[in-house]
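Architecture at a glance
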Amino acid sequence: MNEGLLLSFENSFNPDWLGYSLDGQLNQTIYGNNTISMADEGFHTIQLFGNNSLGDEFESDIRYFTIKYFPINIITPENITYTEPMSGYYPATYGFESDEIGHLPQEWIELGPVSSDSVEVLTELDGHKRVIDIYKGDTYGSDHNLDQDFIENQEFGEIEFWTRASTLTAAISVMNSTIPIIGINLQGASELAPDVFGYHDNTGWHDTNKNANPNQWYHIKVQFECGNGNHYGLPQYKWRFFVDGERFGDFSFLNNQNTVNKLRFHQNWRYSFFHHYIDAVGYSWDPDYTTKDNLYEGLLLSYMNRTNLDWIGYSLDDQPNKTIIGNTVIPLNGNGGHNIKLYGTNSTDFTFESPVQYFTIDILPPQILINSPQSYDYFGFSAPNFEISIRTPILDTIWYTLDNGITKIVSNVFLGTIDQSEWDKFGQGLVTIRFYVNDTFGQENFSEVTIYKDLNTPIPPLYNFLIFLILISVGITIVNLIVIRKVRRKKLASEIVIRREEIVTNQQLVRCPYCQKKLNAIHVFCIHCGSKLKY
């Protein structure tokens, strides 16, 4: 039933018999490599013996080894590469991964139950692992509540959780002891209201425009401010809530209180036979939880413990320890290699440690940034240079294409020149270069840039100039100074405005504002008179 130690060896004779002795005990016969049971923790020796058909005896050198048992051992995450999160596990202050299936979760209080009411942890429900099922049985006339009391009173904060109801009769409250401060209802403002999310302020229940469907998971976030600290942009005694990221509020408190200290999931006495499910409750004041973490699945940290511990925590990537009460879910950190280790102390403050567990995350595709060329840069007959930046810890291949993937040019460099033969395939106009990158696990990403290929060689601009025409005729030198008109660019520039977007999308005939010649394509310079055009 248990794993052991592999005893493997090489021999250079034809044995009639083989055996081994562990810690000098009597020989145990074997027929080749063999698995031996795990010995006790501590120092050990082992030696092999054998003889052949002639009675010659052989023996190995004594091998020394030590067995050390770790009272805490990590099960997951495993020493593998994770290319996706563990399905159904969401990081939270209370994720219920350490709670016993079929029982009330730790640190939660059930109020008002009768024989047909129940609260229990389920293994899984519709893509969520380890969820609370709050069940209201045939108990007309009796409220049924599940409370979580905060360790300290909170003046402001965020509360996040997932919720789902079999029938839309569930309510959620944030309270100060027995005084309700914030109220959210999956039924709406009244029994006659449509199935929408409702809320309670200091004037009563109201409806939102957000539909609430039975048997559907919703992510809820509540922000509140009891003081005058203007947290989340809220004035005193104001709150708001979000359903799957859609905001509702700001609203006034039901009852103005300077702090809150309780989260309640409420089942009203008027309703029977329905389930209210909860998963991944997170508090912003929990130092080991970051808001929005429970929006996304993570990795389950699970372990075996062979001793009594008063405290247990973990360190991820050698960071400070985070306290846990059992199995928990850690958020997916960036791509690359990671390590995790468990620590625990008993009643005498003796510290236990688990072995370090190594694992790799490769969830996000590699990121690629084109530094040059820039969008709609102009290039001529020569292929442009390029420079790219890539973010990935496990780069495999870089390649690019100018024809939407028909031709792939593998480069594997961050700085270079576009293939000239590929560039020559294109005439004047727009050219799109798409750079691709993938990692060793096959995840691929791309980025692209569109530039302009101009096959007309520009003529330097003409501004103010004088032409001296010297005529020598009949021995008489006549110098005529011909003053060519001065181009008043500031005036003419206001007479024509050609947007660059029109240049690349609408190559109609235009006139040069200086010589009035028609141009068949848009240029930086007029090909007739050399004037610089203004775009």
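A short tour of the structure in this document, coming up.

This part takes up unusual backbone geometry. Trans peptide bonds make up the majority, and among non-glycine residues the majority have a negative phi. Geometrically, the link from Thr 76 to Pro 77 is a cis peptide bond, its omega value of 5° lying close to zero. On the secondary structure map, Pro 77 appears in the loop between β8 (72–76) and β9 (81–82). In this chain, Ser 372 is followed by Pro 373 through a cis amide linkage whose omega measures 5°. Residue position: Pro 373 is located in the loop between β31 (367–372) and β32 (378–379).

Applying the stated criterion across every chain yields a total of 11 salt bridges. The partner of Arg 164 in a salt bridge is Asp 126, and the shortest N-O contact between them spans 2.8 Å. Of this pair, Arg 164 sits in strand β14 (residues 156–165) while Asp 126 is found in the loop between β11 (118–125) and β12 (128–136), placing the two residues 38 residues apart along the sequence. Taking relative accessible area as the criterion, Asp 126 reaches 52% and is therefore assigned exposed. In this structure, the salt-bridge partner of Arg 240 is Asp 250, at a minimum N-O distance of 2.8 Å. In this pair, Arg 240 is assigned in strand β20 (residues 238–243) and Asp 250 in strand β21 (residues 246–252), connecting sequence segments 10 residues apart.

Here we take up the nonpolar core. In this structure, Trp 108, Trp 239, Phe 241, Leu 263 and Val 281 are the most contacted members of the largest nonpolar core, which totals 42 residues. The contacts of Phe 241, once residues within four sequence positions are left out, are Ile 184, Tyr 199, Thr 208, Lys 221, Val 222, Glu 246, Arg 247, Phe 248 and Phe 251. Membership of the second largest hydrophobic core comes to 21 residues, among which are Ile 72, Ile 74, Leu 299 and Tyr 314.

Reading the values: the criteria
Residues numbered from 1 in each chain as written. Predicted model: local features only at pLDDT ≥ 70, side-chain atom pairs only at ≥ 80, totals over all residues. Heavy atoms only, no water. Helix = DSSP H or I, 4+ residues; strand = E, 2+ residues; numbered from the N terminus. Salt bridge = Lys/Arg side-chain N within 4 Å of Asp/Glu carboxyl O. Buried < 20%, exposed > 50% of the residue type's maximum accessible area, 1.4 Å probe, protein only. Core = buried A, V, L, I, M, F, W, Y, C linked by side-chain atoms within 4.5 Å. Contact = heavy atoms within 4.5 Å.

Any functional reading would require information beyond the geometric quantities listed.
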